[in-house]
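# Structural features, examined
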Amino acid sequence: MKAAVCHEFGAPLSIEDIPEPAPGPGQVLVSLAACAICHSDVMFMDGAWGGCLPAVYGHEAAGYISAVGPGVGRYEPGDAVLVTLLRSCGSCGSCLTASPGTCEDPYDRYLDSPLRTHDDRIIEHGLSTGAFAEMALVHSSQIYPLPDEMAIEVACLLSCGVITGFGAVANGRTGPGSTVAVFGAGGVGLNSIQGAAICGATTIVAVDIDRDKLETAIGFGATHAVLVGEATHKEIRSITGGRGVESAFVTVGAISAYQQAKKCVAPRGELVAVGMPPVEATATWVPMSLAFFGQSIRGSKMGETVLARDIPALIGLYRQGRLKLDELVSNCYPLEQINEAVAEVRSGNVLRNVITFMPRHK
Ligand SMILES: [Zn+2]
Ligand SMILES: [Zn+2]
């Protein structure tokens, strides 16, 4: 894997710079209307997870079907859809056990990329999606229908941040009366918090370095807020009567959070890794404590989401007013101002900035 070396976007490529790809078998071409900027895009831009340049990132998108390739029977031009990075073959061991997020079918974002410049240079299909662009060509498993009445700049959040945070909780073991802590109250963590509230958890401790974010977390259902410090784990233990929480979700990449979270897990509890630290980062625990206290450490990739199972449920919760989505959108920007929008994301002061487009097909 070649290392990415670019630290910020140049001038955005326009549809004139990249020949419009025709959808092949199993593929769909989507005219995008909105794409939120996720922290993962920034990590890839910074080279934290490898990859090649040039690349088109962006993976938290929604738009309208423009064209469908052979073998894609379900969709028609004009259909409103989510566009996600969850690309699944439907037949590997993971896909067959309801875990398409860890699909084992290899996809090389560089060598298999459908994107080329006019002079035939390969453009990396960033996060298998390439959605900071007017059009995205993706596998049909990466899309899911949206109701026409849902605002598209809100709906796009369901493609990554919401399902990752919410699903880590809702598709795990949290239920009525559970005790949880969520490290990080940003775009993913707030969704773990509201997921825990919807699942019936009665102690939901939000943990962050930012007081404003903790205040927002209370609005999303956190019952307690803890400012990160030396004694974070002690505070969480005291909130739970000394026992610790049954599940500690770490939704950020900071290693210190993984270390602290382990210290506040109750006997038979779990530490759930939701965030993605840089690839070379390591954390240390005392392994004996896992067996001694019967604890577990598990990872949750993209909330272990199954689009066909989870997206209708989330849309239903949103319609009922129980799932907050509108509140997660900080600002909307046109593609021409993407550098400004990314800079705000880097500052850590926004939940989700959304790039909006005038869709060609609606
Ligand atoms: Zn993401
Ligand atoms: Zn698969």
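The sections below set out a description of the structure shown in this document. Computed from a predicted structure; not experimentally measured.

Reading guide: rules and limits
- Residues numbered from 1 in each chain as written.
- Chains lettered and ligands numbered in written order.
- Predicted model: local features only at pLDDT ≥ 70, side-chain atom pairs only at ≥ 80, totals over all residues.
- Heavy atoms only, no water.
- Donors = N, O, S within 2.8 Å, 3.2 Å for Na, K, Ca; no water.
- Helix = DSSP H or I, 4+ residues; strand = E, 2+ residues; numbered from the N terminus.
- Buried < 20%, exposed > 50% of the residue type's maximum accessible area, 1.4 Å probe, protein only.
- Salt bridge = Lys/Arg side-chain N within 4 Å of Asp/Glu carboxyl O.
- Phe/Tyr/Trp six-rings, centres within 6.5 Å; stacked < 30°, edge-to-face > 60°.
- Lys NZ or Arg CZ within 6 Å of the ring centre and 35° of its normal.
- Axes fitted to C-alpha atoms, helices over the stretch in contact; angles between N-to-C directions.
- Parallel < 35°, antiparallel > 145°, perpendicular 65-115°, else oblique.
- Contact = heavy atoms within 4.5 Å.
- Nonpolar A, V, L, I, M, F, W, Y, C, P; charged D, E, K, R; others polar.
- Tetrahedral: all angles 85-135°; square planar, octahedral: opposite > 155°, others 65-115°.

### Topic: the coordination of the zinc ion (ligand 1)
The textbook angles at a metal center are 109.5 degrees for a tetrahedron of four donors and 90 or 180 degrees for an octahedron of six. Binding of the zinc ion (ligand 1) to the protein goes through C38 (SG), H59 (NE2) and C160 (SG), at separations of 2.1 to 2.2 Å. Mapping the donors of the zinc ion (ligand 1) onto the primary sequence gives the spacing C-x20-H-x100-C. Here the residue C38 occupies a position in the loop between β1 (27-36) and α1 (39-45), and H59 occupies one in the loop between β2 (55-56) and β3 (60-68), the gap between them amounting to 21 residues. A relative accessible area of 5% means that C38 is categorised as buried.

### Remarks on the pattern of salt bridges
Counting across every chain of the model gives 10 salt bridges. Here R173 makes a salt bridge to E270, at a shortest N to O gap of 3.6 Å. With R173 in the loop between α4 (161-170) and β8 (179-183) and E270 in strand β12 (residues 265-273), this pair connects stretches of sequence that are 97 residues apart. Judged by its relative accessible area of 46%, R173 is partly exposed. For E270, a relative accessible area of 2% gives the class buried. Through salt bridges that share partners, R173, E270, R298 and E304 make up one connected network.

### Overview of the packing of aromatic side chains
What the rule picks out here adds up to 3 aromatic pairs. Considering the side-chain rings of F44 and W49, the 5.3 Å spacing of their centres and the 85° angle between planes classify their relative orientation as edge-to-face. Both residues of the pair, F44 and W49, count as buried. Ring centres of F292 and F293 lie 5.1 Å apart, and the angle between their planes is 90°; this geometry places the pair in the edge-to-face category. Overall, F292 belongs to the exposed group, its relative accessible area being 60%. The exposure class assigned to F293 is partly exposed, which follows from its relative accessible area of 38%. Feature note: the residues F44, W49 and Y57 constitute an aromatic cluster, connected by ring pairs. Above the face of the Y107 ring, R87 is positioned so that its terminal group lies 3.8 Å from the ring centre.

### Thoughts on the packing of α4 against helix α10 (residues 307-319)
The contact between α4 and α10 brings their axes to 12 Å, and the two run at 95°. With respect to their mutual orientation, α4 and α10 come out roughly perpendicular. On α10, the residues touching V162, I163 and F166 of α4 are I311, L314 and L317. Taken together, the residues that form the contact of α4 with α10 break down as 6 nonpolar, no polar and no charged.

### Focus on the coordination of the zinc ion (ligand 2)
At 2.3 to 2.4 Å from the zinc ion (ligand 2) lie its protein donor atoms, namely C89 (SG), C92 (SG), C95 (SG) and C103 (SG). Each of the 4 donor atoms bound to the zinc ion (ligand 2) contributes to angles spanning 104 to 117°, and the resulting shape is tetrahedral. For the zinc ion (ligand 2), the single-chain donor residues occur in sequence as C-x2-C-x2-C-x7-C. Given the relative accessible area of 12%, C92 is considered buried.

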